[in-house]
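# Structural overview
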Amino acid sequence: MTRIETVQVGLEGRDYAVRIGPGLIARAGTEIAPLLARARVAIVTDAQVAAHHLAPLQDGLAQAGIESSTLTLPAGEATKSWAELTHVVEWLLAERIERRDVVLALGGGVIGDLAGFAAAILRRGVRFVQIPTTLLAQVDSSVGGKTGINSAHGKNLVGAFHQPALVLADTAALDTLPPRDLRAGYGEVVKYGLLGDAAFFDWLDDGAAAALLAGQEAARREAVRRCVAMKAAIVARDETEEGERALLNLGHTFCHALEAATGYGDRLLHGEGVALGCVLAFELSHRLGLCSREAPERVRAHLRGLGIAADPGAIAGPLPDADGLIALMAQDKKVRDGQLRLILARAIGAAFIAEDVDRRALAEVLAQALAARR
Ligand code: GLY
């Protein structure tokens, strides 16, 4: 099949392929069969995704002679909880999923993170396959092995690194995404250009972003391929985020603060927060004299041109003041010894990890961004 691309994640002894292209859900049986010790898998999904993609997946597995059983969970961030983790693990045990079996995670980031974590701890670790159905999951969360759930103390605070055995990114699945989710996922796409590939950003800015949001298959496939290739290379060098992998969190510390302030719900989707966070990271980089004035202006203009919010003013309802947001940023996993580490940039495509960021400059940038909303 010519329209399928493959990116290899090169981790010694745990190498795996990310297959990218249209129709991969329907041919999942053929793709997955070589991994199986017996012709039986367990699928974890959510109700929204199941409505579109479960039957084609089950049919594709059946055609390859693979039996499957399915657990369908409620859609939404609240599913990444201790209660649902217990539910998934107990269900997998009741289904007699054994050490050599494979769990399939069919869905977006929530299902991938939850089912991946369940696979990591079930019988001390079983293999799993990511079948990401959102743009955000295809370009980011399904690759690299971060799995986990949320705690009352914050997002993603409980989890494990557990690499998938295979990722099937069916780009045709993006056709069923609500437009807002597709645009939100684009926040993670543009992040890759902004952090490490100016030519990719230029390509997106020259029309590819508009084409991918409009549903053009070749643009989608190429965008997913380039993001995954960049992530695969970074993960191969720094699997457990001792250094370079933190670059993938460009915009995320701002995003996490805004998500915490807005209750992790419909007021702000994760990818929307990433886009806003990228603008703020470039604004702060400029304020600190690290990059030109033009860089944040270009990022902002690019997002606005696609109809994507580039300023916190777009968020409905009240927000904390700059000090309140900084307090929320200080909860981030990247904080070390109370010092705020942020991903900043010297130019588009040239991000770096900044230690002990000047809080006064940060407060000024946030106050200005918040004032612009009034
Ligand atoms: N989403 C960032 C990472 O996987 O490291």
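All figures in this text were calculated on a predicted structure; none of them were measured in a lab.

## As for the overall build of the protein chain
- Counting its regular elements, the protein chain contains 13 helices and eleven strands.
- Since a compact globule built from 374 residues should have a radius of gyration of about 21 Å, the 20 Å found for the protein chain is in line with a globular shape.
- Counting only C-alpha atoms, the protein chain reaches 60 × 40 × 40 Å along its principal axes.
- The 374 residues of the protein chain split such that 57% are buried.
- Within the protein chain, contacts between residues separated by at least 24 positions form 73% of all contacts whose residues are at least 6 apart in sequence.
- Carbon and sulfur atoms provide 50% of the accessible area of the protein chain, an area that totals close to 14800 Å².
- Positive and negative charge centroids in the protein chain, built from 40 and 45 side chains respectively, lie 1 Å apart.

## Overview of the environment of G144
- Positionally, G144 belongs in the loop between α5 (135-141) and β7 (146-151).
- As for G144 and V89, which are separated by 55 residues in sequence, their C-alpha atoms are 22 Å apart.

## Brief notes about the environment of E5
- Structurally, the position occupied by E5 is in strand β1 (residues 5-9).
- The spatial distance from the C-alpha of E5 to the C-alpha of R221 is 7.9 Å, given a sequence separation of 216 residues.
- If sequence neighbours within four positions are ignored, E5 has contacts with V18, R19, I20, R221 and R225.

## Notes on the sheet that holds strand β5 (residues 102-107)
- Ordered in space as β1-β2-β9-β6-β5-β3-β4, the seven strands form an open sheet in which the pairing is mixed. Where the open sheet ends on each side, the last strands, each with one partner, are β1 and β4 (67-73). Averaged over neighbouring strand pairs, the angle between their axes works out to 20° when direction is ignored.
- Bridge count for β5 against strand β6 (residues 127-132) is six bridges, and the pairing is parallel.

## A closer look at helix α6 (residues 179-196)
- If you check α6, its first and last C-alpha atoms are 27 Å apart, about what 18 residues at 1.5 Å a residue would give, namely 26 Å.
- Of all 18 residues making up α6, 13 are buried, and the element is well covered by its neighbours.

## Description of the packing of aromatic side chains
- In this structure the tally under the stated criterion is one aromatic pair.
- Considering the side-chain rings of F200 and W203, the 5.8 Å spacing of their centres and the 20° angle between planes classify their relative orientation as stacked. With F200 and W203 both in helix α7 (residues 198-213), this residue pair falls three residues apart, about one helical turn.
- By relative accessible area, F200 is classed as buried at 0%.
- The cationic tip of K191 hangs over the ring face of Y192; the distance from NZ or CZ to the ring centre is 4.8 Å.
- Between R226 and the ring centre of W203, over which it is positioned, the NZ or CZ distance is 5.5 Å.

## With respect to the pattern of salt bridges
- Applying the stated criterion across every chain, the model contains 28 salt bridges.
- Across the salt bridge formed by R298 and D205, the nearest N and O atoms sit 3.3 Å from each other. You can see R298 sitting in helix α11 (residues 294-305) and its partner D205 sitting in helix α7, a full 93 residues away along the chain.
- On the accessibility criterion, D205 (33% relative accessible area) is partly exposed.
- Between R293 and E297 there is a salt bridge; the shortest N-O distance is 3.0 Å.
- A residue is classified by how much of its surface remains accessible, and E297, at 43% relative accessible area, is partly exposed.
- Taken together, the shared-partner salt bridges in this structure form one network comprising E283, R293, E297, R300, R304 and D311.

## Topic: the pairing of β4
- Of the pairings in the sheet, the one linking strand β3 (residues 40-46) to β4 comprises seven bridges and is parallel in character. Residue pairing across strands places D46 opposite L73, the latter belonging to β4.
- For the crossover that starts at β3, traverses helix α2 (residues 47-63) and ends in the parallel β4, the hand is right-handed.

## Points about the side chain of D311
- Along the polypeptide, D311 turns up in the loop between α11 and α12 (322-329).
- When residues no more than four places from it in sequence are discounted, the contact partners of D311 are L276, R300 and R304.

## Topic: the site of the ligand
- Close to the ligand lie D140, K146, K231, E241, R245, L248 and N249.
- At 2.6 Å from an oxygen atom of the ligand is found a side-chain nitrogen or oxygen belonging to K231.
- Looking at side-chain class alone, the shell around the ligand contains one nonpolar, one polar and five charged residues.

## A closer look at unusual backbone geometry
- The backbone phi angle of R124 is positive, close to 65°, even though this residue is not glycine.
- Tracing the backbone shows R124 in the loop between α4 (109-121) and β6.
- Judged by its relative accessible area of 77%, R124 is exposed.
- Phi is positive for E241, which is not a glycine, with a value near 60°.
- The topology assignment puts E241 in the loop between α8 (217-237) and α9 (252-262).
- Judged by its relative accessible area of 22%, E241 is partly exposed.

Reading the values: rules and limits
Residues numbered from 1 in each chain as written. Predicted model: local features only at pLDDT ≥ 70, side-chain atom pairs only at ≥ 80, totals over all residues. Heavy atoms only, no water. Helix = DSSP H or I, 4+ residues; strand = E, 2+ residues; numbered from the N terminus. Rg over C-alpha atoms; globule rule 2.2 N^0.38 Å. Buried < 20%, exposed > 50% of the residue type's maximum accessible area, 1.4 Å probe, protein only. Contact = heavy atoms within 4.5 Å. Areas by Shrake-Rupley, 256 points an atom, 1.4 Å probe, with all protein chains shown as cover. Lys, Arg positive; Asp, Glu negative; His and termini not counted. Charge placed at Lys NZ, Arg CZ, Asp CG, Glu CD. Pairing = 2+ DSSP bridges. Axes fitted to C-alpha atoms, helices over the stretch in contact; angles between N-to-C directions. Expected span 1.5 Å × (residues − 1). Phe/Tyr/Trp six-rings, centres within 6.5 Å; stacked < 30°, edge-to-face > 60°. Lys NZ or Arg CZ within 6 Å of the ring centre and 35° of its normal. Salt bridge = Lys/Arg side-chain N within 4 Å of Asp/Glu carboxyl O. Right-handed = clockwise from strand over helix to strand, strands pointing away. Near = heavy atom within 4 Å. Polar contact = N/O pair within 3.5 Å; in protein donor to acceptor, adjacent residues only side chain to side chain. Nonpolar A, V, L, I, M, F, W, Y, C, P; charged D, E, K, R; others polar.

All we've got here are geometric facts, nothing functional implied.
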